[in-house]
Each structure stands twice: as structure tokens, then as C-alpha cells.
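# Descriptive analysis of the structure
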Amino acid sequence: FVSLMSKHVYLVIAFIGFLSTSIAQIPELNVLKSKASQSATGIEKARQFYNSGDYIVAEAMLYSELEKGNFTPNDFLLFANTLNIDDKPALAKEFYKVYAKESNRLTISEQIDQVLSSNVSYPANPVITNYQVSNPTVFRDKLYTELNGLMMMYDQDCDGNLKNRTEVLQGITDIPFGSISYFDNGNKAVASFISRARNTSSLYLLNKSKGKWKKPSKIFEGNANYAFPHMDVATNTLYFSSDKEGGYGGYDVYISNFNGASFDNPVNMGDHLNSAGNEINPTITEDWLYVSSNGHVSKGGYDLYKYKNLGDFNIIFLNCIELNTQQNELSLIPLSRTKFLITREVNGEHKLLSVDRPKVISSLYGNVIDKKGRG
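Our subject in this report is the structure included herewith. (Residues numbered from 1 in each chain as written. Predicted model: local features only at pLDDT ≥ 70, side-chain atom pairs only at ≥ 80, totals over all residues. Heavy atoms only, no water.)

Before going further, it helps to examine the overall build of the protein chain. Within the protein chain one finds seven helices and 21 strands. The 375 residues of the protein chain split such that 49% are buried. For the protein chain, restricting intrachain contacts to residue pairs at least 6 apart in sequence, the fraction spanning at least 24 positions comes to 47%. By element, 50% of the accessible surface of the protein chain is carried by carbon and sulfur atoms, the whole surface being about 19400 Å². (Helix = DSSP H or I, 4+ residues; strand = E, 2+ residues; numbered from the N terminus. Buried < 20%, exposed > 50% of the residue type's maximum accessible area, 1.4 Å probe, protein only. Contact = heavy atoms within 4.5 Å. Areas by Shrake-Rupley, 256 points an atom, 1.4 Å probe, with all protein chains shown as cover.)

What follows covers the packing of aromatic side chains. Applying the stated criterion across every chain yields a total of 20 aromatic pairs. Geometry around Tyr131 places Arg165 over its ring, the cationic atom sitting 3.8 Å from the centre. The ring of Trp288 carries the charged tip of Lys308 above its face, separated from the ring centre by 4.3 Å. (Phe/Tyr/Trp six-rings, centres within 6.5 Å; stacked < 30°, edge-to-face > 60°. Lys NZ or Arg CZ within 6 Å of the ring centre and 35° of its normal.)

Our focus in this paragraph is the packing of helix α6 (residues 89–103) against helix α7 (residues 108–117). Relative orientation of the contacting elements α6 and α7 amounts to 160°, with a least axis distance of 9 Å. The orientation of α6 relative to α7 falls into the category roughly antiparallel. For the element pair α6 and α7, the recorded crossing hand is right-handed. Note on element contacts: α7 touches α6 through Ile108, Ser109, Ile112 and Leu116, opposite Lys93, Tyr96, Tyr99, Ala100 and Ser103. Tallied by class, residues from the contact of α6 with α7 come to six nonpolar, two polar and one charged. (Axes fitted to C-alpha atoms, helices over the stretch in contact; angles between N-to-C directions. Parallel < 35°, antiparallel > 145°, perpendicular 65-115°, else oblique. Left-handed = near helix turned anticlockwise from the far one by under 90°. Nonpolar A, V, L, I, M, F, W, Y, C, P; charged D, E, K, R; others polar.)

Turning to helix α5 (residues 73–85), a few remarks are in order. Relative to the 18 Å expected for 13 residues at 1.5 Å per residue, α5 spans 19 Å between its end C-alpha atoms, a close match to the ideal helical length. Listed in full, the buried residues belonging to α5 are Asp75, Phe76, Leu77, Leu78, Phe79, Ala80, Asn81, Thr82, Leu83 and Asn84. Looking at the packing, one finds that the buried side of α5 touches α3 (42–51), α4 (55–67), α6 and α7. Phi turns positive, to about 65°, at Asp87, one or two residues after α5. (Expected span 1.5 Å × (residues − 1).)

The next thing to look at is the packing of α3 against α5. When two helices pack together, you describe them by how their axes are tilted relative to each other and by the distance separating the axes. At a closest axis distance of 11 Å, the pairing of α3 and α5 adopts a crossing angle of 45°. By the angle between their axes, α3 is oblique relative to α5. Pair α3 / α5 crosses with left-handed handedness. Only Asp75, Leu78, Asn81 and Thr82 of α5 make contact with α3, whose side of the interface consists of Ile43, Arg47 and Tyr50. Class assignment for the residues of the contact of α3 with α5 results in three nonpolar, two polar and two charged.

A few words on the pairing of strand β17 (residues 303–311). Here five bridges tie strand β16 (residues 289–293) to β17, and the two strands are oriented antiparallel to one another. When the sheet's bridge partners are listed, Val291 is paired in β17 with Tyr305. Both β17 and strand β18 (residues 314–319) contribute to a ladder of six bridges, which runs antiparallel. Looking across to β18, one finds that Tyr305 is bridged to Asn319. (Pairing = 2+ DSSP bridges.)

Before going further, it helps to examine the pattern of salt bridges. For the structure shown, the criterion picks out twelve salt bridges. Lys97 is the partner of Glu94 in a salt bridge, and the nearest nitrogen-oxygen pair spans 3.9 Å. Placement of the pair is Glu94 and Lys97 together in helix α6, with a separation of three residues, close to one helical turn. Exposure remark for Glu94: the relative accessible area of 42% places this residue in the partly exposed category. Taking the shortest distance from any N to any O, the salt bridge between Arg337 and Glu286 comes out at 2.7 Å. Note that Arg337 is positioned in the loop between β19 (328–334) and β20 (339–346) and Glu286 in the loop between β15 (279–284) and β16, a separation of 51 residues in sequence. Across this residue pair, the class does not change: Arg337 and Glu286 are exposed. One connected set of salt bridges, linked through shared partners, spans Glu286, Asp287 and Arg337. (Salt bridge = Lys/Arg side-chain N within 4 Å of Asp/Glu carboxyl O.)

Now the structure itself:
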């Protein structure tokens, strides 16, 4: 069926793709658009369009590169994900099977079947707000999200809905905000700022002194995007995403320790977590590191995953099947051990949802006997 696609059809689809809507309204993802290098090979350009969310263009280009025999095993996964995103699930399933065979991973077939066939989902209730929430974070029961480049803070009422919108961090810079993560009892923060002139995202450290925020200072230099900051306040470790050179694909997750004055050189978290796609919005909890990714086997588009390093090369990486749908799940915010906020993109619009993890009740059946074997 691949050989039936003519160059003419390919060009038409590519043109339509440029008019299509991809992941919307997250500035740190939008900077990836139009990044395809003129010197890149065809398969490299296809991967770049995939990572920037231009899935119709990516599908057409991946078809072309498949015909030419330019696929690596992982390109079959990206192609299957693209077909799934473009509402071709039956064809996607076939290419997931090819990926399982080509990657020679013994357990991946079982994982694919589990992800694609699962109907288990936690109940999700919409959070009511008068304004669209693009990529929120939470600190001390306040929710923060950018709106037209400004950083807004919301209170949450007893039902979890948002109220009392207030602009914060006014006047510290004229560069538009992306997202933010507070730490040090709210006296410091790491924020992403979006350069419209260069179409890049960078991370800055914000310090408060005598009740006033000082001018932000840039954390990492270099010709790359740095985005989606999350501070683990227990360890002063910064988790973030970057497409810096030497990574595995688009945005990878990195860590950097804060020594009280500056951040250490970032360390890539490796290929058990990172992929040829994008890993975004890392969030650490007591038990897991959660990320959103479009580079692993998914129900559709971006799915939520959880990661844990047990040491001695023992790593757990799981699709959060019960939280994911065929839509894009873009972030998870833990409010407690059993309650989450997730952001889901549906038809180009972001939905903020409240999710309660159901209590698991196990029933055991059998006979109770004493030491003498009496029932």
C-alpha cells in the first residue's frame, strides 16, 4: 500500500499539513515549529516535523522515507503513533507490530496490546474556569499558568474550580512567560521565557529579596531550547526538558542540582525515559517521576508515563493507561497521593481535569485455619 502513494499525492498532503492544527497554545512546544533544517536528511526532517506536532506533514514524509528504506526500528514507532494521531488506528496497529519485530524487544508486543486494548480509565471531572489554562503548575494550593505571555495565579475553591485570577511577577521582564516552578518557600522560582525574536525557550532563575523580585538570570546558555521546569523542593533538583545537542530526539528530560547559588551542568536521564519524540512536563512525586511523551507506545498523541529508578540498573517505565485517552494528555499535577490534575488537549482546546484515583479493595476467599489445621 505504501508504493501507491505518488509524489503528487505526497505534495498535496504536505501542503494540507502546513494548514493543519497541531498541539496548540503551549509556547514551549510552539518554538519547535518550522525548525526543520534545510541541511537535514529526509528522515531527519520527518522526525523534526513529528516532534513539532505537524503530524500530517510527518505522516506524508514518513511514508516517503519508508518507501526509500530509510527507517530505523524506532521510526516504525513514530510512524505508528502518527497514524494513530491521524485517526488511522487499524493501520497504526500493524506498524506497532512491525516496530515490535524490528526493535527485537521481547516484551514490547505485550505492552502494545495492553496499551491499545485497555478500556480502564479513572473518572475525570472538568475544572471550571473562565479562561483557558494552557500548561499549569501548582505551588501552595495556587495554580499558575501563562496567558498571552503573562503569568497568572488562580485560587481554587472547595470544589477545585479556579477563581480570583491575578497577574503575578509583573514588571520583572518584558519577555513572555512559558511556565514556572517555585521553590525555597516561594522565594525562588525557575521560569521559562519565550524569545519571540529568536523563537526559542530559555530557563531563568528568579530571586525574591526583601519582598521584591529581582531581574531574572539565565540558567543555561547554548543554541537549544530549555523548557518545562519542575523543582523537586526536597532535593533542590531541577527537572526540565531540552532539545540540546546529544539528546535522543526532540525534547529530552534532564536534571540539574541547585547548590544555593547556581545550577550544575545538566544530565540527560537516559533512553529508558527519553525517546526520539518529546518528553515534556516532568513532575516528581514521592513515588514516581511523571512525564508526558509522544515518543513511546501510546493510546494517541501525548500520553502520561511514570518512571522510577530502583538502582542496580533496575528501571520501571510505565504507560499510565488509566489516565490516557486517544487525545493528548500533556501534564499531570499531583495534589495528593490520590488526586491529580491533568491537562488534555481536545480538538485544539486545552481541558483541565480533576482525577481521583479510586481506592483499590481486594477480597480474599478461603478457609482460615489454626496451627493444628482446624478450620
